[in-house]
Amino acid sequence: MGMTMTEKVLARHAGRKHAAPGDNIWVDVDILMTHDVCGPGTIGIFRKQFGPTARVWDKEKVVVIPDHYIFTNDQHAHRNIDVLRAFVKEQDLPYYYDVGTDKYKGVCHIALPEEGHTRPGEVLFGTDSHTCTAGAFGEFATGIGNTDAALIMGIGKLWVKVPETMRFEFEGPLPPYLMAKDLILHIIGDIGVDGATYRAMEFAGDGVMSLSIEERMTLCNMVIEAGGKNGIIPVDAVTETFVKSKTAKPYQPVADDPDARFHSVRRYKTADIQPTVAKPHSPDNRGTARECKGTKLDRAYIGSCTGGKLNDFLAAAKILKGHQVKTDTYIVPATTEVAKGLATTMLDGQTLVEIFQNAGAKISQGASCAACLGGPSDTFGRLNRSEVCISTTNRNFPGRMGSKTAQVYLASPYTVAASAIRGEITDPREFL
Amino acid sequence: MQDIIKGKAYVLGDNIDTDQIIPAKHLVYSLSDPEERKLYGRYALSGVPDAAAGLPKGNVRFVPENDHRSPFQIVIGGKNFGSGSSREHAPEAMQIAGVTAVVAESYARIFYRNSVDGGFFIPFEAVQRLVGEIATGDDLEIDLPKGTLTNRTSGKTYGLRPLGDVLEIIKAGGVFAYARQAGFLKS
């Protein structure tokens with residue numbers, strides 16, 4: 001019987017010819033990623049279980065990226081970074097992107113591909129639920145807790161239950177007012193926040209394959225918001241060109257077998273999809289930007305692993321250029337590389353930084369997760385009161401961006417930018 | 001693994017995500033320091049909106065102010081319990097507050113896995129929806145061999161789904177003990 005991409009990657013990493021949904025197998029891990037929020041706990045368990053002098057199973061395969069609570073005065077947060085730094089030194093880990101140095105990156109899920117750690121056909125685990133973002137590179141990538149991560153640190157293996165695969169096909173290139181964010185919010189609205197629990201979500205069709213690598217990352221990034229175990233996209237020239245520009249390490253891509261079996265196949269015509277929002281307080285509370293027109297806003301936020309990549313800012317800049325924002329607008333580049341891109345990328349003779357400054361937006365001086373998940377009270381852009389915010393981030397749970405009385409609408413960078421100009425939720429077609 | 005788990009119920013609704021279980025601003029405390037880790041107990045479930053905290057009435061604190069132990073040991077949830085982030089601090093905070101079992105209609109995958117692999121408590125799935133059947137403060141008794149949950153306050157008994165594949169990990173006491181049994185780790 002044929003296998004899906006996900007089944008094939010897992011089978012290969014378990015040293016088996018075949019793996020079927022429901023099989024419990026131990027897989028070899030290619031990359032383990034951790035950050036400042038879950039790294040210290042993981043390290044604590046690793047030391048407790050393997051002993052104070054234990055070494056990680058393979059130092060080339062452990063990637064440590066501080067990114068969550070960086071630009072804060074919270075002393076506990078600083079101590080967590082000290083814990084990472086000491087561990088990396090003790091273990092002599094080559095892939096550590098330290099705060100306050102030229103190596104500092106920012107948001108781990110964007111930093112991983114920039115640094116060449118995401119490769120087709122591999123298995124990546126990370127102590128963060130949005131690790132699924134890397135499925136855009138045709139690999140198996142998922143989030144785990146500290147205990148599982150500590151086990152991997154010691155033995156380089158983890159047990160996995162092979163998931164069934166749900167396939168989502170998009171027909172037709174995206175109309176100029178849509179982004180991958182609209183597609184994934186549309187899907188989550190269809191299947192619900194637990195619609196893909198325990199399953200892989202595979203995205204395909206010419207609509208998906210016409211997307212840039214950054215947009216593919218947005219699609220895979222939010223599979224966790226439907227409960228999905230991993231997202232995955234077939235490997236093509238777009239994937240390989242990107243990966244080869246970042247790493248010389250060999251990799252073995254996989255493809256679906258012609259007779260692969262799927263849990264379900266859903267087909268969409270991209271032209272039928274509208275600029276989409278998720279209303280408070282759940283990513284599946286779907287509406288269109290048009291339906292929500294008139295909803296007054298206190299804040300607009302553009303950033304995070306979901307919506308803080310260079311293409312996200314380029315999209316926002318297209319709309320903001322020559323306009324003034326009516327609502328407080330926060331710009332947070334995901335990584336230092338994205339931040340450099342904001343300063344150097346030109347649109348009609350202006351850099352993106354100039355466009356945002358001229359529009360009256362506030363630009364973060366540091367790349368990090370910032371207010372996507374609230375964080376310490378002094379976090380840039382955090383919702384500390386009952387604000388109504390439209391955001392390019394991934395979750396709008398109660399209290400996610402700070403106060404439990406705040407309300408968050410999730411949308412694409414186009415929709416967020418258009419809404420920032422009007423001070424109320426606005427369909428981006430009014431500006432495009 | 002004990003056969004009988006007794007405790008008082010704390011009832012929540014659907015989609016209790018990990019930001020509600022332990023808000024992100026608290027994810028900075030040490031889990032290794034015996035005193036500091038108590039702060040996770042103090043703030044366990046503190047992100048649940050007041051009206052939804054302790055159903056059916058709501059406005060019931062899970063942990064009394066300035067304490068780190070909850071008077072409730074069994075949490076009853078609806079669908080998709082533990083959705084959102086992979087923070088293991090979520091099941092661990094509940095354990096530090098004294099939770100010995102969660103009984104929900106369904107779970108988000110990573111939270112379920114973390115509860116089992118970390119050996120924090122047993123995440124049971126109920127055969128039927130218990131939100132609305134059980135009230136916060138009711139006396140509950142879980143019988144593992146029988147696979148039942150009895151509400152001693154109302155006298156009603158409900159079925160629990162078999163633990164299935166994860167039973168062996170739960171019996172072992174977590175994924176490390178399980179991996180030792182499987183021969184991946186020296187004991």
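These figures come from a predicted structure and were not determined experimentally. (Residues numbered from 1 in each chain as written. Chains lettered and ligands numbered in written order. Predicted model: local features only at pLDDT ≥ 70, side-chain atom pairs only at ≥ 80, totals over all residues. Heavy atoms only, no water.)

Looking now at the overall build of chain B. Each helix and strand in chain B was counted, giving 6 helices and 7 strands. For chain B, the N- to C-terminal ordering of α and β elements is β-α-α-β-α-β-α-β-β-β-β-α-α. Its C-alpha atoms give chain B a radius of gyration of 16 Å, near enough to 16 Å, the size a compact globule of 187 residues would have. Considering only C-alpha atoms, chain B reaches an extent of 50 × 40 × 25 Å along its principal axes. Looking at chain B as a whole, 58% of its 187 residues qualify as buried. Contacts spanning at least 24 positions in sequence make up 66% of the contacts within chain B whose residues lie at least 6 apart. Surface summary for chain B: the accessible area is close to 7400 Å², and the carbon and sulfur share equals 46%. Averaged over its 21 positive side-chain charges, chain B has a centre that lies 1 Å from the centre of its 22 negative ones. (Helix = DSSP H or I, 4+ residues; strand = E, 2+ residues; numbered from the N terminus. Rg over C-alpha atoms; globule rule 2.2 N^0.38 Å. Buried < 20%, exposed > 50% of the residue type's maximum accessible area, 1.4 Å probe, protein only. Contact = heavy atoms within 4.5 Å. Areas by Shrake-Rupley, 256 points an atom, 1.4 Å probe, with all protein chains shown as cover. Lys, Arg positive; Asp, Glu negative; His and termini not counted. Charge placed at Lys NZ, Arg CZ, Asp CG, Glu CD.)

Okay, the interface of chain B and chain A next. In this assembly, 46 residues from chain B lie in contact with 48 residues from chain A. Ranking the residues of chain B by area buried against chain A places Arg 109, Arg 113 and Phe 176 of chain B at the top, with a combined share of 20%. At the surface where chain B touches chain A, the tally comes to 5 salt bridges. Residue Lys 161 of chain A pairs with Asp 165 of chain B through a salt bridge whose shortest N-O separation is 3.0 Å. Scanning the region where chain B abuts chain A turns up 24 residue pairs in polar contact (both at pLDDT 80 or more). Only helix 1 (18–21), helix 4 (109–117) and helix 6 (175–181) of chain B provide two or more residues apiece to the side of chain B that touches chain A. Element by element, the count of residues in the side of chain B that touches chain A is highest for helix 4 of chain B, at 6 residues. Class assignment of the residues belonging to the side of chain B that touches chain A gives a composition of 18 nonpolar, 15 polar and 13 charged. (Buried area = accessible area lost by both parts, 1.4 Å probe. Salt bridge = Lys/Arg side-chain N within 4 Å of Asp/Glu carboxyl O. Polar contact = N/O pair within 3.5 Å; in protein donor to acceptor, adjacent residues only side chain to side chain. Nonpolar A, V, L, I, M, F, W, Y, C, P; charged D, E, K, R; others polar.)

What follows concerns unusual backbone geometry. Peptide bonds are trans in most cases, and residues, glycine excluded, mostly fall at negative phi. Put simply, Pro 280 of chain A and His 281 of chain A share a cis peptide bond, and its omega is -5°. Examined against the element boundaries, His 281 of chain A turns out to sit in the loop between strand 12 (276–278) and strand 13 (286–288). Cis geometry marks the peptide bond from Leu 55 of chain B to Pro 56 of chain B, where omega comes out at 10°. The residue Pro 56 of chain B is located in the loop between helix 2 (38–42) and strand 2 (74–76) in this model. The backbone of Tyr 198 of chain A sits at a positive phi, close to 70°, despite the residue not being glycine. As for its placement among the helices and strands, Tyr 198 of chain A is situated in the loop between helix 6 (180–191) and strand 9 (199–204). The backbone of Ala 370 of chain A sits at a positive phi, close to 45°, despite the residue not being glycine.

Before going further, it helps to spend a moment on the sheet that holds strand 10 (residues 230–232) of chain A. Residue and element names in this part refer to chain A. If you trace the 4 strands from one edge of the open sheet to the other, you get 10-9-8-11, paired in parallel fashion. The sheet is open, and its two edges are formed by strand 10 and strand 11 (264–269), each paired on a single side. With strand direction ignored, the average angle separating the axes of adjacent strands in the sheet is 20°. Note: strand 9 against strand 10, 3 bridges, orientation parallel. (Pairing = 2+ DSSP bridges. Axes fitted to C-alpha atoms, helices over the stretch in contact; angles between N-to-C directions.)

This part takes up the domain arrangement of chain A. All names here are of chain A. One can read the domain layout of chain A as domain 1 (5–251 + 261–267) and domain 2 (277–430). The C-alpha-based centres of domain 1 and domain 2 are spaced at 24 Å. At the junction of the two partners, domain 1 supplies 40 residues and domain 2 supplies 40 residues. Taking both sides of the interface into account, the surface hidden between domain 1 and domain 2 amounts to around 3200 Å²; carbon and sulfur atoms contribute 59%. Looking at the side of domain 1 facing domain 2, the largest losses of area belong to Tyr 177, Met 179 and Lys 181, adding up to 18% of the total buried there. (Domains from an automatic or database assignment.)

All names here are of chain A. With 12 residues, helix 6 should reach 16 Å at 1.5 Å per residue; the first-to-last C-alpha distance of 17 Å fits that figure. With respect to burial, helix 6 is a largely interior element, 10 of its 12 residues being buried. All of the buried residues along helix 6 are Ala 180, Lys 181, Asp 182, Leu 183, Ile 184, Leu 185, His 186, Ile 187, Ile 188 and Ile 191. In the segment just after helix 6, Gly 192 is the residue with positive phi, at about 85°. (Expected span 1.5 Å × (residues − 1).)

Residues and elements named next belong to chain A. The side-chain alternation of strand 2 (residues 31–34) yields two buried faces, one formed by Ile 31 and Met 33 and the other by Leu 32 and Thr 34. The sheet contact formed by strand 2 and strand 5 (residues 123–126) spans 3 bridges and is parallel. Of the residues in strand 5, the one forming a bridge with Met 33 is Gly 126. In this sheet, strand 3 (residues 62–64) lies alongside strand 2 in parallel orientation, the contact comprising 3 bridges. By the bridge assignment for strand 3, Leu 32 is matched with Val 62. Handedness of the crossover joining strand 2 and strand 3 through helix 2 (residues 39–50) is recorded here as right-handed. (Right-handed = clockwise from strand over helix to strand, strands pointing away.)

Attention now moves to the packing of aromatic side chains. With the rule as written, the count across this model stands at 21 aromatic pairs over all chains. Look at Tyr 330 of chain A and Phe 380 of chain A: their rings are 5.0 Å apart centre to centre, the planes differ by 70°, and that puts the pair in the edge-to-face class. Pair noted here: Tyr 330 of chain A is in strand 15 (residues 328–332) and Phe 380 of chain A is in the loop between strand 18 (362–363) and strand 19 (388–391), with a separation of 50 residues, a long-range link. What makes Phe 380 of chain A partly exposed here is its relative accessible area of 28%. With 5.4 Å between their ring centres and 65° between their planes, Tyr 29 of chain B and Tyr 40 of chain B make a pair best called edge-to-face. Residue Tyr 29 of chain B is found in the loop between helix 1 and helix 2, and its partner Tyr 40 of chain B is found in helix 2; the two are separated by 11 residues along the sequence. (Phe/Tyr/Trp six-rings, centres within 6.5 Å; stacked < 30°, edge-to-face > 60°.)

Before going further, it helps to examine the sheet that holds strand 6 (residues 140–143) of chain A. On the basis of which strands lie adjacent, the open sheet formed by 5 strands has the order 4-3-2-5-6 (chain A) and parallel pairing. The two strands at the open ends of the sheet, each matched to only one other strand, are strand 4 (95–96) and strand 6 of chain A.

Moving on: helix 2 of chain A. For helix 2 of chain A, with 12 residues, the first-to-last C-alpha span of 16 Å sits near the 16 Å given by 1.5 Å per residue. After helix 2 of chain A finishes, the residue Gly 51 of chain A shows a positive phi value of roughly 100°.

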